[in-house]
Amino acid sequence: MDEINQKILRELSRDGRLSNIELADRVGLSPSACLRRVQDLEKRGVIKGYRAILDRDKIGAGFVAYIAVGLSDHSKASQEAFERAISRAHEVRECHNITGTVEYMLRVECADLPSYKHFHTEILGVLPQVNAITSYIVMGSPKDERA
């Protein structure tokens, strides 16, 4: 990964809709050389895709929480069953298997506190694999560079 490819990735992570001409100008390449590099990064799977950054408040998902989830059983079958159930929950935007005192960290988006309570109690709380739930409610996000 050379310095120019790193510049390309930085620029595209800030704005994936940049035209090739604008991107080439920002990274100091000709448009054709820039396009070849972007296509190579896509082909090699370095760039997995492009997505829109949504205003959560405007789509009714402005309530964000991170949830640490501990499982009652540490078997592979229990983890797989939990992951299958979580993959069906539309409120869960991210699910990470982590190290530490719990097995998973979820990022959940809901409309408001009552809808979060419903998710917490009626969806997550009824999963037989779940032993512990600790919620961290997001009050603000002064820096968020998720692409």
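Keep in mind it's a predicted model, so treat the numbers as computed, not measured.

**Quick notes on the side chain of glutamate 109**
Piece 1. Within the secondary structure layout, glutamate 109 lies in strand β3 (residues 104-110).
Piece 2. Given a relative accessible area of 12%, glutamate 109 falls into the buried group.
Piece 3. Each residue touching glutamate 109, except ones within four places of it in the same chain, is listed here: Arg56, Ala61, Phe63, Val64, Glu91 and Arg93.

**Brief notes about the packing of aromatic side chains**
Piece 1. Counted by the stated rule, this structure contains 3 aromatic pairs.
Piece 2. Between phenylalanine 63 and tyrosine 116, the aromatic rings sit 5.4 Å apart at their centres with planes inclined by 35°, giving tilted as the arrangement. Placement of the pair is phenylalanine 63 in strand β1 (residues 63-71) and tyrosine 116 in helix α5 (residues 113-124), with a sequence separation of 53 residues. Just as phenylalanine 63 is buried, tyrosine 116 falls in that class too.
Piece 3. Their ring planes at 40° and their centres at 6.5 Å tell us that tyrosine 116 and phenylalanine 119 sit as a pair that is tilted. With tyrosine 116 and phenylalanine 119 both in helix α5 and 3 residues apart, this pair spans about one turn of that helix.

**A closer look at the pattern of salt bridges**
Note that side chains of opposite charge can pair when their charged atoms are close.
Piece 1. Within the structure shown, the criterion is met by 11 salt bridges.
Piece 2. The salt bridge partner of aspartate 2 is arginine 37, with a shortest N-O separation of 3.0 Å. Of the two residues, aspartate 2 sits in the segment before α1 (3-14) while arginine 37 sits in helix α3 (residues 31-43), which places them 35 residues apart along the sequence.
Piece 3. Here arginine 37 falls in the partly exposed class, since its relative accessible area comes to 24%.
Piece 4. Salt-bridge contacts for glutamate 145 lead to lysine 143; the nearest nitrogen and oxygen are separated by 3.8 Å. The exposure classification of glutamate 145 matches that of lysine 143, with both residues exposed.

The rules behind these values
Along each chain, numbering runs from 1 in the same order as the chain's sequence is written. In keeping with the predicted nature of the model, local features appear solely for residues at pLDDT of at least 70, side-chain atom pairs appear and are counted solely at 80 or more, and the whole-chain, interface and lining totals rest on all residues. Side-chain descriptors were evaluated using all non-hydrogen atoms of the structure, hydrogens and water having been removed beforehand. Helix and strand assignments come from DSSP, with helices taken as H or I runs of at least 4 residues and strands as E runs of at least 2, each series counted from the N terminus. Each residue is placed in one exposure class: buried if its accessible area under a 1.4 Å probe, protein chains only, is under 20% of its type's maximum, exposed if it is over 50%, and partly exposed if it falls in between. Only heavy atoms matter for contacts: two residues are in contact if any of them lie within 4.5 Å across the pair. Aromatic pairs are defined between Phe, Tyr and Trp rings, using the six-membered ring for Trp, whenever the two ring centres lie within 6.5 Å; interplanar angles under 30 degrees are classed as stacked, those over 60 as edge-to-face, and all others as tilted. Throughout this description, the term salt bridge denotes a Lys or Arg side-chain nitrogen within 4 Å of a carboxyl oxygen of Asp or Glu.

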